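Residue-level structure breakdown
Residues per chain are reported as follows:
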Amino acid sequence: MRLLVTGGAGFIGSEFVRYWLKNHNQDNIINLDNLTYAGNLDNLTNIEKFPNYQFIKGDICDAKTVNNAMKGIDIVVHFAAESHVDRSILEPSKFIQTNILGTAILLESALQHKVKRFHHISTDEVFGSLDLNSSTKFNEETPYNPKSPYSASKASSDMLVRAYYHTFGLPITISNCSNNYGPYQFPEKLIPLMIINAIQGKPLPVYGDGLNVRDWIYTEDHIKAIELILEKGAIGETYCVGGESEIANVDVVKKILSILNKEEKLINYVKDRLGHDRRYAISNHKISTKLGFKPAHNFESGIKSTIAWYQNNRPWWERVLKGDYQKYYASQYEK
Ligand code: NAD
Ligand code: TDX
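Attention in this report is confined to the structure presented alongside it. (Residues numbered from 1 in each chain as written. Chains lettered and ligands numbered in written order. Predicted model: local features only at pLDDT ≥ 70, side-chain atom pairs only at ≥ 80, totals over all residues. Heavy atoms only, no water.)

**Thoughts on the overall build of the protein**
The condition that has to hold: Working definition: helices are DSSP H or I runs of at least four residues, strands are E runs of at least two. Numbering for both runs from the N terminus. Both definitions apply: the radius of gyration is a C-alpha atom measure, and the globule rule equals 2.2 Å times residues to the power 0.38. Only protein chains enter the accessibility calculation, which uses a 1.4 Å probe; a residue is then buried when its area is under 20% of its type maximum, exposed when over 50%, and partly exposed in between. Method for areas: the Shrake-Rupley scheme with a 1.4 Å probe, in which residue coverage is limited to the protein chains shown.
Counting its regular elements, the protein contains twelve helices and twelve strands. A compact globule built from 335 residues should have a C-alpha radius of gyration of about 20 Å, and the protein, at 19 Å, falls within 12% of that. For the protein, the C-alpha atoms occupy an extent of roughly 55 × 45 × 35 Å along the three principal directions. When the 335 residues of the protein are sorted by exposure, 57% land in the buried category. Only carbon and sulfur atoms are counted for the fraction: they give 50% of the accessible area of the protein, which is about 14200 Å².

The structure is reproduced here in structure tokens:
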């Protein structure tokens, strides 16, 4: 099989590329990524010389580049996106461009090239926000109710994917996953930002009261869910994917501090995120009963191996912290 992976130099996309080449070595992967601030070829050094791997630096919003990359492709796995909620508050237009327009261009090209499968990676954030005191979880039937420019752009892209299935018969599947964490995550997201700040003895900026809840999944478990969907998922279907680990932000931060043996006085409560979603929780019922998915990592084991990775890969994150990251950090946290 020939796979076109978009966004394969990012956090989750690069985990997919590394995993797939290791476990499906008869397949070929073309990785199309335009290397935004979040794209990093250092994530792929183990596999970059593999004969069945090819990298194309290009934008999913550029139809010519996409059409060239799509030639001979059997399966598209679409990760490329602007992915950080806080940046979508600072600059929504980039999210509309990449997440909506870029997905539309890929869908049209996949249809023209008669691909056998278009798998779209989406998020639980499209469903909106749950009450802290309820036990309700999002599932495949939950109506969309996105609240941030990021989640609204992802919801729009999901709708376009569904429209290409219903109108044109493009063989699609969609996964809506909860918050990922693990090695190689860009340190703008909660867990790597807190780990790196804690290692450096810097304040840990917790938004609002710190009681917002997220459901955490170790990236490798997310990739295994995608593998199951590609191998056994039904065309036209959506699958929710969760980590079965709902935790309040401040408890995540306290856990990181305790593993690193640092004091809780590093916690710094800062101004809340605009429109901050209170709680996400997602049901694995469909993917577990239909495809046999079960996350292999619990938060306790996943966070320990993630912290160990950041401790052992200091040059990776020191390079990332240079340059534009400093500007972003100052505009987000030092205003
Ligand atoms: P990321 O920000 O780490 O990586 C995104 C990648 O896409 C980068 O390599 C970037 O260079 C590339 N990219 C961005 N714009 C592009 C464009 N116009 N053309 C080509 N490449 C482009 O993101 P991530 O956390 O790995 O997320 C991957 C996907 O998973 C996204 O679609 C995101 O919405 C979804 N998702 C993420 C999470 C999470 O917790 N991180 C959870 C659920 C779903
Ligand atoms: O400095 C911070 N302080 C803080 O309290 C940051 C960066 C975050 N937070 C809070 C906000 C959220 O309640 O931590 C929680 C997690 O924040 P993020 O890591 O930014 O993730 P979230 O906004 O929940 O969105 C993530 O999960 C779904 C990903 O970024 C999305 O790409 C994915 O779709």
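**Things to note about helix H4 (residues 92-112)**
Which entries qualify depends on this criterion: Expected span of a helix, by definition, is 1.5 Å for each gap between consecutive residues, and there is one gap fewer than residues. A contact between two residues is defined here by any heavy atoms of the two lying within 4.5 Å.
Here H4 is 21 residues long and its end C-alpha atoms lie 30 Å apart, about the 30 Å a rise of 1.5 Å per residue gives. Those residues of H4 that are buried are in contact with strand S1 (2-6), helix H2 (63-70), strand S4 (75-78), helix H3 (85-90), strand S5 (117-123) and helix H5 (149-168).

**Observations concerning the site of ligand 1**
The condition is simple: We define proximity as follows: a residue is near a molecule or strand when any one of its heavy atoms falls within 4 Å of that partner. In protein, a polar contact means a hydrogen-donor-capable atom and an acceptor-capable atom, both N or O and within 3.5 Å, with residues adjacent in sequence counting only if both atoms are side-chain atoms; elsewhere, any N or O pair within 3.5 Å suffices.
Neighbouring ligand 1 are 29 residues, the closest being Ile-12, Asp-33, Ser-83, Tyr-150 and Lys-154. A distance of 2.9 Å separates an oxygen atom of ligand 1 from a polar atom in the backbone of Asn-180. For ligand 1, whose accessible area on its own is 840 Å², the fraction buried by protein is 96%. Breaking the shell around ligand 1 down by element, the ones donating at least two residues are helix H1 (11-23), S5, H5 and strand S7 (179-181). In terms of residue count, the dominant contributor to the shell around ligand 1 is S5 (three residues).

**Some points on the nonpolar core**
What counts here: Here, nonpolar core refers to any group of buried Ala, Val, Leu, Ile, Met, Phe, Trp, Tyr and Cys residues whose side-chain atoms link them within 4.5 Å.
Among the nonpolar cores identified, the biggest contains 36 residues, and Ile-191, Ile-256, Phe-299 and Tyr-310 are the most heavily contacted of them. Where this core is concerned, the elements lending two or more residues are helix H6 (190-200), strand S8 (204-207), strand S9 (213-218), helix H8 (249-259), helix H10 (299-312), helix H11 (314-321) and helix H12 (324-333). Considering each element in turn, this core owes the most residues, seven residues, to H6. Discounting chain neighbours no more than four positions away, the residues touching Tyr-310 are Gly-182, Pro-183, Tyr-184, Gln-185, Pro-192, Ile-195, Ile-196, Ile-199, Trp-316 and Trp-317. Residues Ile-30, Val-66, Val-161 and Tyr-164 belong to the second largest nonpolar core, which totals 22 residues.

**Focus on unusual backbone geometry**
Backbone phi values are negative for most residues with the exception of glycine, while trans is the configuration of most peptide bonds. Non-glycine residue Tyr-184 carries a positive phi angle of around 70 degrees. Relative to the helices and strands, Tyr-184 resides in the loop between S7 and H6.

**Comments concerning the site of ligand 2**
Formally: For this scheme, ten residues count as nonpolar: Ala, Val, Leu, Ile, Met, Phe, Trp, Tyr, Cys and Pro. Four count as charged, namely Asp, Glu, Lys and Arg, and the remainder, Gly too, count as polar. Just so you know, the domain bounds were taken from an automatic or database domain assignment.
Within the structure, ligand 2 sits among 22 residues, and Glu-125, Tyr-150, Arg-273, His-276 and Tyr-333 are positioned closest to it. One nitrogen or oxygen atom from the side chain of Asn-179 is found 2.9 Å from an oxygen atom belonging to ligand 2. His-276 is positioned such that a nitrogen or oxygen atom in its side chain is 2.6 Å from an oxygen atom of ligand 2. In isolation ligand 2 exposes 650 Å². Once the protein is present, 95% of that is buried. Elements that contribute at least two residues to the shell around ligand 2 include exactly H3, H6 and S8. If you tally residues by element for the shell around ligand 2, the top one is S8, at three residues. Of the residues belonging to the shell around ligand 2, the class tally is nine nonpolar, seven polar and six charged. When residues are assigned to domains, the shell around ligand 2 turns out to be shared by domain 1 (2-180 + 217-241) and domain 2 (187-214 + 245-280 + 299-326), each giving three or more.

**Focus on the sheet that holds strand S6 (residues 172-177)**
Formally: Two strands pair under a simple rule: DSSP has to find at least two bridges between them. As a rule, the C-alpha atoms of each element are fitted with a line to give its axis, helices using only the stretch in contact, and angles between N-to-C directions run from 0 to 180 degrees.
If you trace the seven strands from one edge of the open sheet to the other, you get S3-S2-S1-S4-S5-S6-S10, paired in parallel fashion. Two strands close off the open sheet at either side, each with one partner strand: strand S3 (53-57) and strand S10 (238-241). Averaged over neighbouring strand pairs, the angle between their axes works out to 20 degrees when direction is ignored. In the sheet, S5 pairs with S6 via six bridges, with the strands oriented parallel. Residue pairing in the sheet places Ser-122 in a bridge with Asn-176 of S6.

**What about the pairing of S4?**
Of the two faces of S4, the one lined by Ile-75 and Val-77 and the one lined by Val-76 and His-78 are each fully buried. In terms of strand pairing, S1 meets S4 through four bridges, oriented parallel. Along S4, the bridge assignment pairs Leu-4 with Val-76.

**Details of the packing of aromatic side chains**
Rules: Stacked, tilted and edge-to-face are the three classes applied to pairs of Phe, Tyr and Trp rings, where Trp contributes its six-membered ring and a pair requires centres within 6.5 Å; stacked means planes under 30 degrees apart, edge-to-face means over 60, and tilted covers the rest. Cation placement over rings: the criterion is NZ of Lys or CZ of Arg within 6 Å of the ring centroid and within 35° of the ring normal.
Tallied over the full model, the rule gives 20 aromatic pairs. Residues Tyr-164 and Phe-168 carry aromatic rings whose centres are separated by 4.9 Å and whose planes lie at 55 degrees to one another, so their mutual orientation is tilted. Here Phe-168 and Tyr-164 lie together in helix H5, a separation of four residues that amounts to about one turn. Ring geometry for Trp-309 against Tyr-310: centres 4.9 Å apart, planes inclined by 80 degrees, an arrangement best described as edge-to-face. Grouping aromatic residues by their ring pairs yields a cluster made of Tyr-37, Phe-186, Tyr-207, Tyr-325, Tyr-329 and Tyr-333. Positioned above the aromatic ring of Tyr-280 is the side chain of Arg-214, whose terminal nitrogen or guanidinium carbon lies 3.9 Å from the ring centre. The ring of Tyr-239 has Lys-286 lying over it, and the distance from NZ or CZ to the ring centre is 4.7 Å.

**Focus on the pattern of salt bridges**
Selection rule: We count a salt bridge whenever a side-chain nitrogen from Lys or Arg sits within 4 Å of a carboxyl oxygen from Asp or Glu.
By the definition in use, this model includes 16 salt bridges. Salt-bridge contacts for Arg-314 lead to Glu-318; the nearest nitrogen and oxygen are separated by 2.9 Å. Of the two residues, Arg-314 and Glu-318 both sit in helix H11, four residues apart, roughly one turn of that helix. Take Arg-314: its relative accessible area is 37%, and that puts it in the partly exposed class. One salt-bridge network, held together by shared partners, links Arg-87, Glu-188 and Lys-189.

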